[in-house]
Amino acid sequence: DAGVIQSPRHEVTEMGQEVTLRCKPISGHDYLFWYRQTMMRGLELLIYFNNNVPIDDSGMPEDRFSAKMPNASFSTLKIQPSEPRDSAVYFCASSYTGTGLMNTEAFFGQGTRLTVV
Amino acid sequence: GNSVTQMEGPVTLSEEAFLTINCTYTATGYPSLFWYVQYPGEGLQLLLKATKADDKGSNKGFEATYRKETTSFHLEKGSVQVSDSAVYFCALRGSARQLTFGSGTQLTVLP
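Rules used in this analysis
- The written sequence of each chain sets the order in which its residues are numbered from 1.
- The lettering of chains begins at A and the numbering of ligands begins at 1, in the order of writing.
- A pLDDT threshold of at least 70 governs which residues receive local features in this predicted model, and a stricter bar of 80 or more applies before side-chain atom pairs are shown or counted, although totals over entire chains, interfaces and linings include all residues.
- To get the side-chain values, take all heavy atoms of the structure and skip hydrogens and water.
- Two strands pair under a simple rule: DSSP has to find at least two bridges between them.
- Strands here are runs of E lasting at least two residues and helices are runs of H or I lasting at least four, both read from the DSSP assignment and numbered beginning at the N terminus.
- The convention used is that axes are lines fitted to C-alpha atoms, helices contributing only their stretch in contact, and that angles between N-to-C directions extend from 0 to 180 degrees.
- What makes a salt bridge here is a side-chain nitrogen of Lys or Arg within 4 Å of a carboxyl oxygen of Asp or Glu, nothing more.
- Throughout, exposure labels follow a simple rule: accessible area from a 1.4 Å probe, protein chains only, divided by the maximum for the residue type, with under 20% read as buried, over 50% as exposed, and the rest as partly exposed.

(A) Fine view of the sheet that holds strand β7 (residues 65–71) of chain A. Residue and element names in this part refer to chain A. Sheet architecture is open: four strands sit in the order β1-β3-β8-β7, paired in antiparallel fashion. The open sheet is flanked by β1 (5–7) and β7, the only strands paired with a single partner. Shown here is a sheet whose adjacent strand axes are inclined to one another by a mean of 15 degrees, direction ignored.

(B) Highlighting the pattern of salt bridges. Counting across every chain of the model gives 12 salt bridges over all chains. Residue Glu83(A) pairs with Arg85(A) through a salt bridge whose shortest N-O separation is 2.6 Å. Put simply, Lys77(B) and Asp84(B) hold a salt bridge, and the shortest N to O gap is 2.8 Å. You'll find Lys77(B) and Asp84(B) in the same group, each marked buried.

(C) Molecular detail of the sheet that holds strand β9 (residues 75–77) of chain B. Residues and elements named next belong to chain B. The antiparallel open sheet is built from four strands, whose spatial order is β3-β9-β8-β7. Every other strand in the sheet has two partners, leaving β3 (19–21) and β7 (56–59) as the edge strands with one partner each. Adjacent strand axes in the sheet meet at a mean angle of 15 degrees, parallel and antiparallel pairs treated alike.

Structure representation (structure tokens):
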């Protein structure tokens, strides 16, 4: 398997523009997570899905952020309108429900580095 | 809620030195514990894990033991290499599926 695939790897956009980040999880995985990484706040969970259904979006910072998972093989994170403080690396991760409820691990994509100018 | 406290960096060591990165956690119940590593420009990779008390996770010469009595999961390696230079994250997974991460520790190993 190619692992979790994110696109684009880098995105530079102007303030006010819409940004869409994409993620393809590992085939067969039933959980998908979006994280944001910044120097100031470290790794923050934004939202996660189980079987394409959003379970917890309490980490989504504002209404400008939205995430969808239309099917098991694709998810998007959208920021509209974008602001300079959204500049960060955004990671997508996926995992599967193993034989033991506590024995799953998350596999991460390489991230999208977003710069809003 | 769950939280992870990790030794602050950066940590700079000479090659073949002994490494310890401290990690303590707060959680209800019996979480699983993880160490992830992030190389420059890359995503996080699982380094090792432990799912119950007294379990020892190990990989690539790194070890960590799940200590419930001290709520700790310290990462150790007996002899570091230049190629171990990276950021190391301690994390836990409780009853929910998401990971809670520590702040990360930057390790630089000098030749």
